[in-house]
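Chain by chain, the residues run as shown.
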Amino acid sequence: MSPLADGAATLRPNLTLIVVVAVLVATGVYLLLERSLARLLLGIVLMSNGVALLYLVISGEAKGAPLLGERPASEMSDPLPQAFVLTAIVISLATVAFVMALAYRQWQLTGSDDVPDDAEDALVQRLAEEDQTSETYDTDVSTTTDAEEDPDAVDEAAGVPVETGGARAGTSAAEHGGGEATPR
Amino acid sequence: MTWLLPLPVLLPLLGAALCLVLRRSARAQRIVSFAVLLATVAVATALILITADGGPLALWLGAWEEPLGVALVADRLTALMLLVSSIVVLVVLVFSIGQGIADGEGDTPLTVFFPTYLVLSAGVSNAFLAGDLFNLFVGFEILLFASYVLLTLGGLGPRIRAGTTYVVVSLLSSFLFLVAIAAVYAAAGTTNLAQLALRLRDIDPHVALVLQILLLTVFGIKAAVFPMSAWLPDSYPTAPAPVTAVFAGLLTKVGVYAIIRTQTLLFPDSPLTTPLMWVALLTMVVGILGAVAQTGIKRILSFTLVSHIGYMIFGVALADRAGLSGAVFYVAHHITIQTALFLVAGLIDRASGTTSLEKLGGLAAISPALGILFFAGAMNLSGIPPMSGFIAKTGLLQAAVGLGTPLAYVLVAGMLVTSLLTLYVMAKTWSQAFWRTPSEALASVMARRPDLDPEAAARREGVVLQYDLSAREPAEALDDEEDTGRAGETPSRALPTAMMGAATAMIVVSLAITLLAGPMFGYADNAARDMLQRTPYIDAVLPAGVR
């Protein structure tokens, strides 16, 4: 049973194990932020191993193997976290296999195993930067972009010089849209 | 009657094994899957009837003595979740069977789809039935792995890209869940939910708060709660239509269920009302504003999914009887309507070859049935009376007004604004995809591209000018601007009866929730009362003397 089952003892964790867990998880998180799927996978493996060690930490003091008949119950180490860790290791085995297949497929399709950006997000951001208007935009109201006033202005949000070509296309589209809108 | 409890998990797993054995015969796989999921619906109905009268049912697996074993528990909330999820899974199965029969093999390997789908159903049921935190973890892993496979089915480029995002975020949440379970075990010496409910009262409240926040973060990632919601609109739209439908309906709601269960059972004295209300408000508003910016129907629906999770989190944040019953009713309503709308989006994709609002137009004239389905679903989602969306939102609004604090009124305003913006987004989708004529769609495209003549504009921008709902095979899809196909040529296909029938069935179920709203709200109210009391659950799981 766990050292807390009778509510008496407090857990005295092994400091070395905790430091090892911290180092493993920190390295794993750092690798998780990588572009390449292979490194990301290494990060996942490190994090899984870190968590497995964490379960060793919480199982309390290391005693004998929890086999019935071998030794009295007070000299057995806690078997429940060991069962948890076994399940977690099996799950991470399947995870590694799947992510490797994913990385290989990505490499087959694109020649590298980088995690690509989201195309739709990039499209929405590009539309926002170009200051595109919808077809129901009212052309009587003048546009309020900085590019209208100052072609060399820097867009604060994007941090890049606003494309005046995009702004001009936006206003001419608005005029066309206004022209189309009136017969409706 | 406790032998009913393992069936929603066991039957789909056995069905999946049988499907793998029968992999040569698609027809046999379909029959097995349908039979198994129909049986699951029957079991869930039986559980509703049993738990509505009596108290929760508990089964200790493997005949292990309490409290050494793993418990499966079904109270009113679990039974309702099981019923709604099994109905959704069954209807989407019919949809995908119809799609598969109409398309032949297509790009979806049939041998893997049905077993994985059944494993997904087993994982969802296990997550709902789990009476032990680690069993909940295992249930989550089962459904997550099935979802990885279903999301990346066929190994196409966009699916691999979206799947990678989804897989990495889910792996991170699984890792955090393991850390949370380790912390809970270290603090309390058990992972059984009923035992934890008793023991967590005795530990240091600061430690309990850390555990609570860890668990909320984990389930918040799975439920796509702001600020952990960005992964959902990135990954859901690229999956096949039935897969997106079942993901949208079920996976986030399993996270919401876990939040409800742990908040009410494990941490009744610390409902974290104010932080959770802010989180709910941000989820609602950020989600719906994201939807407003989108031009693809599936993306719009993914963002509204995120936004409406905020409603359920608000109900949980209130942590009183009115709030919890509103949240439970909202979960049942939202599973149904979100799945229905994603199925309709799949039908739109089939009828026109695209789900981009910039390219669509005139669907109501082409297929009035599809128009009616979408309109009914859209009005339900937006909360137009007398549909179930209106009833669910009214329940939550009443609960908020019942609380009466200034923050609650801010939330009321947020809920109404979100509802209004949902209506705006749905109306925009309706007017652009269904109501306007294809020539108006072409006109708006030409307004954006004044340098092109009409034919080039239609071809280059992919505007759908002609539909061919009698086509059995997809036409040559235009993937390149340099293609010299005719203007307006589109991979439009017929809408098979099974697919239309499945989507209609989902819309009908959502309308049935409207008609049955009285009994359902009473059921949800009783569920909330039992959850707040906690003793029915604890007494069902742990017999007297075992604590």
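Look up: the structure comes first, before these words.
Predicted model only: the values in this text are computed from it and were never measured.

A.B. asks: For the overall build of chain A, give the residues involved together with the corresponding values.
C.D. replies: Along chain A, the regular secondary structure elements total 6 helices and 0 strands. The order of α-helices and β-strands along chain A, N terminus first, is α-α-α-α-α-α. For chain A, with 184 residues in total, the buried portion stands at 30%. In chain A, once contacts between residues fewer than 6 apart in sequence are set aside, the share between residues at least 24 apart is 49%. Accessible surface, chain A as shown: approximately 11400 Å² in total, 60% of it carbon and sulfur.

A.B. asks: Explain the pattern of salt bridges to me, and be specific about the residues and the numbers.
C.D. replies: All names here are of chain B. The final tally for this structure, using the stated rule, is 6 salt bridges over all chains. Residues Asp530 and Arg529 are paired through a salt bridge, measuring 3.5 Å at the closest nitrogen-oxygen approach. Given the relative accessible area of 15%, Asp530 is considered buried. Given the relative accessible area of 30%, Arg529 is considered partly exposed.

A.B. asks: How would you explain the nonpolar core if you had to name every residue and give the values?
C.D. replies: Grouped together as the largest cluster of nonpolar side chains are 221 residues, with contacts concentrated most on A:Tyr55 and B:Phe177. Non-local contacts of B:Phe177, meaning those with residues more than four positions away in its chain, are made with B:Leu133, B:Leu136, B:Phe137, B:Phe140, B:Leu215, B:Val218, B:Phe219 and B:Lys222. Residues B:Ala441, B:Leu442, B:Val445 and B:Ala458 belong to the second largest nonpolar core, which totals 5 residues.

A.B. asks: Provide a residue-level description of the environment of B:Thr274, including the pertinent values.
C.D. replies: Residues and elements named next belong to chain B. Counting through the fold element by element, Thr274 comes out in helix H11 (residues 273-292). We classify Thr274 as partly exposed; its relative accessible area is 43%. As a C-alpha pair, Thr274 and Leu318 span 44 residues in sequence and 8.7 Å in three-dimensional space.

A.B. asks: Before we move on, can you summarise the packing of helix H13 (residues 321-352) of chain B against helix H16 (residues 388-403) of chain B with the specific residues and values?
C.D. replies: For any two helices packed against each other, the geometry comes down to the angle between their axes and how far apart the axes lie. Residue and element names in this part refer to chain B. At a closest axis distance of 8 Å, the pairing of H13 and H16 adopts a crossing angle of 160°. Regarding the angle of H13 to H16, the classification is roughly antiparallel. As H13 packs across H16, the resulting crossing turns out to be left-handed. Side by side, H13 and H16 meet where Ala322, Gly323, Gly326, Ala327, Phe329, Tyr330 and His333 of the first sit next to Ser388, Gly389, Ile391, Ala392, Lys393, Leu396 and Ala399 of the second. Across the contact of H13 with H16, the residue classes tally to 8 nonpolar, 5 polar and 1 charged.

About the thresholds
Residues numbered from 1 in each chain as written. Chains lettered and ligands numbered in written order. Predicted model: local features only at pLDDT ≥ 70, side-chain atom pairs only at ≥ 80, totals over all residues. Heavy atoms only, no water. Helix = DSSP H or I, 4+ residues; strand = E, 2+ residues; numbered from the N terminus. Buried < 20%, exposed > 50% of the residue type's maximum accessible area, 1.4 Å probe, protein only. Contact = heavy atoms within 4.5 Å. Areas by Shrake-Rupley, 256 points an atom, 1.4 Å probe, with all protein chains shown as cover. Salt bridge = Lys/Arg side-chain N within 4 Å of Asp/Glu carboxyl O. Core = buried A, V, L, I, M, F, W, Y, C linked by side-chain atoms within 4.5 Å. Axes fitted to C-alpha atoms, helices over the stretch in contact; angles between N-to-C directions. Parallel < 35°, antiparallel > 145°, perpendicular 65-115°, else oblique. Left-handed = near helix turned anticlockwise from the far one by under 90°. Nonpolar A, V, L, I, M, F, W, Y, C, P; charged D, E, K, R; others polar.

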